[in-house]
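Summary of the model geometry
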Amino acid sequence: MKALRKFLDKQKPHFQPGGKFEKLESSFEAFETFLYVPDKVTQSGAHIRDAVDMKRTMSFVIIGVIPTLLFGMWNVGYQHFLSFGQHPDILTNFLYGLGKVLPIIIVSYGVGLGIEFLFAQIRHHEVNEGYLVTGILIPLIVPPDIPLWELAVAVAFAVIFGKEVFGGTGMNVFNPALTARAFLFFAYPGNMSGEKVWIADKLDSFSGATPLGQALVGNFHNFPSPHDMFFGFIPGSVGETSTFLILIGGLFLLITGVASWRIMLSVFAGGLAMGWIFNLVGANQYMQLPAWEHMIMGGFAFGAVFMATDPVTSAQTTKGKYYYGFLIGMLAILIRVFNPAYPEGMMLAILLMNVFAPLIDHIIVKSNIKKRLKRAKMMLAE
Amino acid sequence: MHEIINIFVKSIFVDNMVFAYFLGMCSYLAVSKTVDTSVGLGAAVIFVLGITVPVNYLLNEYILKAGALSWLDPAFAKVDLSFLSFIIFIAIIAAIVQLVEMVVEKFSPSLYNSLGIFLPLIAVNCAILGGSLFMQERDYQSIGQATAFGLGSGVGWFLAIVAIAAIREKIRYSNVPPALRGIGITFILTGLMGIAFMSFLGIKL
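Keep in mind that what you see is a predicted model, and the values were worked out from it rather than measured.

**Considerations on empty space enclosed by the protein**
Residue and element names in this part refer to chain A. Enumeration according to the criterion identifies five cavities of 30 Å³ or more in this entry. If you add up the space inside the largest cavity, you get close to 130 Å³. If you go around the largest cavity, the residues you meet are Ile141, Leu178, Arg181, Glu240, Gly299, Phe302, Gly303, Met307, Glu344, Met346, Met347 and Ile350. Taken together, the elements giving at least two residues each to the lining of the largest cavity come down to α7 (176-187), α14 (300-307) and α16 (346-381). The class makeup of the residues in the lining of the largest cavity is seven nonpolar, two polar and three charged.

Put into structure tokens, the structure is as follows:
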């Protein structure tokens, strides 16, 4: 470790203003702070001493998604071999899935980080860590058999138009991972929608539609059991099938204080409330589906835990977080049941609430100001 | 009744004036710097759309449509005045906008000042004329449906402008590349918001 530090210190002058590679300063800085806690000290203003900085926060999220990622890889293999009626051992399943998922991860990181570095050099800002999380979330929410060039285009779109035009991490309005997903969804609908979306390998004759796809066309026979849906032995995007492991990841995020429990809780509450309303109406078979089953189907849990809680694009005010989450939950179920075009509503519900999150904050702040003015006036009157 | 609610909800979310048809962009881009003014303009648009669409519906139904004049005299059954619809619709809209302007000036001078030139410009706001022309094209069956459509389109436009105003207030702290600041980033934002609003595409009530 000492040798590494020494090496970095030796190289540092080359990258400082006046050095040989001064243009590449931010790239150097990115690698240095990736390895070591930065030694920069603020000179003025308020100081908070904390070992947590953005890089550590982001790495917590990555740790949080690792269980779902590993399980997702296994499940890709499991579903693939299941379609041939085979049941190989865990390792074979996993390796098959690894072969499918690893290229997606590599493309996602390669393209995204490439653009990120490019922008950092051109605009002379530090390389932001935000993409480390986005880059791992994207592989988790795309179908395992997505053509890699489509993924690359979507990632480029999401990073440039979803993030870099706003100035990078922390300044964006829309969740970049969901922007990539939505871009894929609308730009290449042939590969992304319909009931064949989530099967590991399109070429085989396996008609393994996701539960959501089945529910939408009203096919409720041989619907997977709640047990299978909860633990994730169902076809689906890489990361979204196992509600159980997502919840473990979510618990980790809550314990480390990275994600907001208010948003998570209210997303589930909103989904349940909408599910119950539909149960009361009960106009068709989809509406009669028990509300809690919506929670373990499709990407609902994944969206609630990893997507809706994105601290940048969600509502910032405490009260606003409840409204934000609740509306996401309600809209997701609403889109699922009502919109025949989209089997899954979670992604678009979160994107839509990203649009309205600043408005929610604005209303909350305004009402707080009003309340306090009133209180102050009453105190003056006394 | 069911049909009216359907039209109302659809025109807010599915056929949103801004995100589905990109109408009314000029004032949408220009007045969306702060939430407060955009609320004012949005309310004015709801009001104007809510009045002009039913009024134009009546005109269309009893004067402009092919054979609409037959209530005067059966001899007029072959008269088709629909080539006049543009000019008549615009005249009605301009008159009603004048009315709104006078009302706003009288009751809320501060709003009148902050809306500035854009209040008279509502008269040429494409969302307003678009509302009347869509009404004609879609051939609504009753004045109730036309009113629901007008109000719904107005509410949809209101939601759009208020949402983007809040976002623009938020991204004031963002480090947007200098070339994109202002209108440029607003266009990009509108496109992204359009993607989010596509979640409603295809919903049938």
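**Looking at the state of the cysteines**
The full count for this structure, using the stated rule, is zero disulfides over all chains. Cys26 of chain B takes part in no disulfide bond, and the closest cysteine sulfur to it belongs to Cys126 of chain B, at a distance of 4.4 Å.

**Topic: the interface of chain A and chain B**
The partner chain B presents 33 residues to the 34 residues of chain A that form the contact. Summing the contributions of chain A and of chain B, the shared interface buries around 2700 Å²; its carbon and sulfur component is 74%. Of all residues in chain A, the largest losses of buried area upon contact with chain B belong to Arg123, Val165 and Phe166 of chain A, amounting jointly to 17% of the total for that side. Taken together, the connections running from chain A to chain B amount to one salt bridge. Along the contact surface separating chain A from chain B lie six residue pairs in polar contact (both at pLDDT 80 or more).

**Observations concerning the confidence of the model for chain B**
Residues and elements named next belong to chain B. On average, residues of chain B carry a pLDDT of 86, and 97% of them reach 70 or more. Taken element by element, the predicted model of chain B shows its lowest mean pLDDT in helix α6 (residues 118-121) (72) and its highest in helix α8 (residues 143-170) (92). At the level of chain-chain contacts, confidence expressed as ipTM amounts to 0.85, with global pTM at 0.84.

**Quick word on helix α9 (residues 183-197) of chain B**
Residue and element names in this part refer to chain B. Spanning 15 residues, α9 covers 20 Å between terminal C-alpha atoms, matching the ideal 21 Å at 1.5 Å per step. With respect to burial, α9 is a largely interior element, eleven of its 15 residues being buried. Among all positions of α9, only Ile185, Thr186, Ile188, Leu189, Thr190, Leu192, Met193, Gly194, Ile195, Ala196 and Phe197 are buried.

**Here's the deal with the side chain of Asn125 of chain B**
Counting through the fold element by element, Asn125 of chain B comes out in the loop between α6 and α7 (126-138). Once residues within four sequence positions are removed from consideration, Asn125 of chain B is found in contact with Gly24, Ser27, Val45 and Trp157 of chain B.

**A look at the packing of helix α3 (residues 54-83) of chain A against helix α11 (residues 243-255) of chain A**
All names here are of chain A. Packing of α3 against α11 leaves a shortest axis separation of 9 Å and a crossing angle of 170 degrees. In terms of orientation, α3 lies roughly antiparallel with respect to α11. Residues Phe60, Val61, Ile63, Gly64, Pro67, Thr68 and Phe71 of α3 lie in contact with α11, whose contacting residues are Leu245, Ile246, Gly249, Phe252 and Leu253. A class-by-class count of the residues in the contact of α3 with α11 yields nine nonpolar, three polar and no charged.

**With respect to helix α1 (residues 2-14) of chain B**
Count 3.6 residues to each turn of an α-helix, and residues three or four apart come out pointing the same way. Between its terminal C-alpha atoms α1 of chain B stretches 17 Å, which fits the 18 Å expected from 13 residues at 1.5 Å a residue. For α1 of chain B, the set of buried residues is Asn6, Ile7, Ser11, Ile12 and Val14 of chain B.

**Brief notes about the domain arrangement of chain A**
Residue and element names in this part refer to chain A. Once the domains are mapped, chain A shows domain 1 (20-34 + 55-201 + 226-258) and domain 2 (259-382). Spacing between the C-alpha centres of domain 1 and domain 2 amounts to 24 Å. Counting residues at the interface gives 33 residues for domain 1 and 28 residues for domain 2. Both faces considered, domain 1 and domain 2 share a buried interface measuring about 2700 Å² in area, 79% of it formed by carbon and sulfur atoms. For domain 1, the biggest contributors to the area lost against domain 2 are Leu178, Met229 and Ile246; these three give 19% of the whole. Connecting domain 1 to domain 2 are zero salt bridges. Inspection of the region where domain 1 meets domain 2 yields one residue pair in polar contact (both at pLDDT 80 or more). For the side of domain 1 that touches domain 2, the secondary structure elements donating two or more residues are α3, α5 (130-141), α7, α10 (226-231) and α11.

**Examining a positive patch on the surface**
Residues and elements named next belong to chain A. Residues Lys319, Lys371, Arg372 and Arg375 make up a contiguous surface patch of positive charge. Ranked by residue count, the leading element in the positive patch is α16, at three residues. With relative accessibility at 44%, the residue Lys371 sits in the partly exposed group.

**Digging into the pattern of salt bridges**
Under the criterion given, the structure shown has five salt bridges over all chains. In this structure, Lys163 of chain A and Glu116 of chain A form a salt bridge, with 3.5 Å as the shortest nitrogen-oxygen distance. Note that Lys163 of chain A is positioned in the loop between α6 (148-162) and α7 and Glu116 of chain A in helix α4 (residues 90-123), a separation of 47 residues in sequence. Given the relative accessible area of 2%, Lys163 of chain A is considered buried. Using a relative accessible area of 0% as the deciding quantity, one classes Glu116 of chain A as buried. What emerges from the salt-bridge pattern is a single network uniting Glu61, Lys65 and Asp139 of chain B.

Rules used throughout
Residues numbered from 1 in each chain as written. Chains lettered and ligands numbered in written order. Predicted model: local features only at pLDDT ≥ 70, side-chain atom pairs only at ≥ 80, totals over all residues. Heavy atoms only, no water. 1 Å grid on protein atoms, 1.4 Å probe; cavity = no way out; pocket = protein on both sides within 12 Å on 5 of 7 lines; lining within 4 Å. Points joined across faces, edges and corners; volume = space filled by probe spheres on them. Helix = DSSP H or I, 4+ residues; strand = E, 2+ residues; numbered from the N terminus. Nonpolar A, V, L, I, M, F, W, Y, C, P; charged D, E, K, R; others polar. Disulfide = S-S within 2.5 Å. Contact = heavy atoms within 4.5 Å. Buried area = accessible area lost by both parts, 1.4 Å probe. Salt bridge = Lys/Arg side-chain N within 4 Å of Asp/Glu carboxyl O. Polar contact = N/O pair within 3.5 Å; in protein donor to acceptor, adjacent residues only side chain to side chain. pLDDT = per-residue confidence, 0-100. Expected span 1.5 Å × (residues − 1). Buried < 20%, exposed > 50% of the residue type's maximum accessible area, 1.4 Å probe, protein only. Axes fitted to C-alpha atoms, helices over the stretch in contact; angles between N-to-C directions. Parallel < 35°, antiparallel > 145°, perpendicular 65-115°, else oblique. Domains from an automatic or database assignment. Patch = residues over 30% accessible without salt bridge, like charges linked within 9 Å, V, L, I, M, F, W, Y side chains within 5 Å. Areas by Shrake-Rupley, 256 points an atom, 1.4 Å probe, with all protein chains shown as cover. Lys, Arg positive; Asp, Glu negative; His and termini not counted. Charge placed at Lys NZ, Arg CZ, Asp CG, Glu CD.

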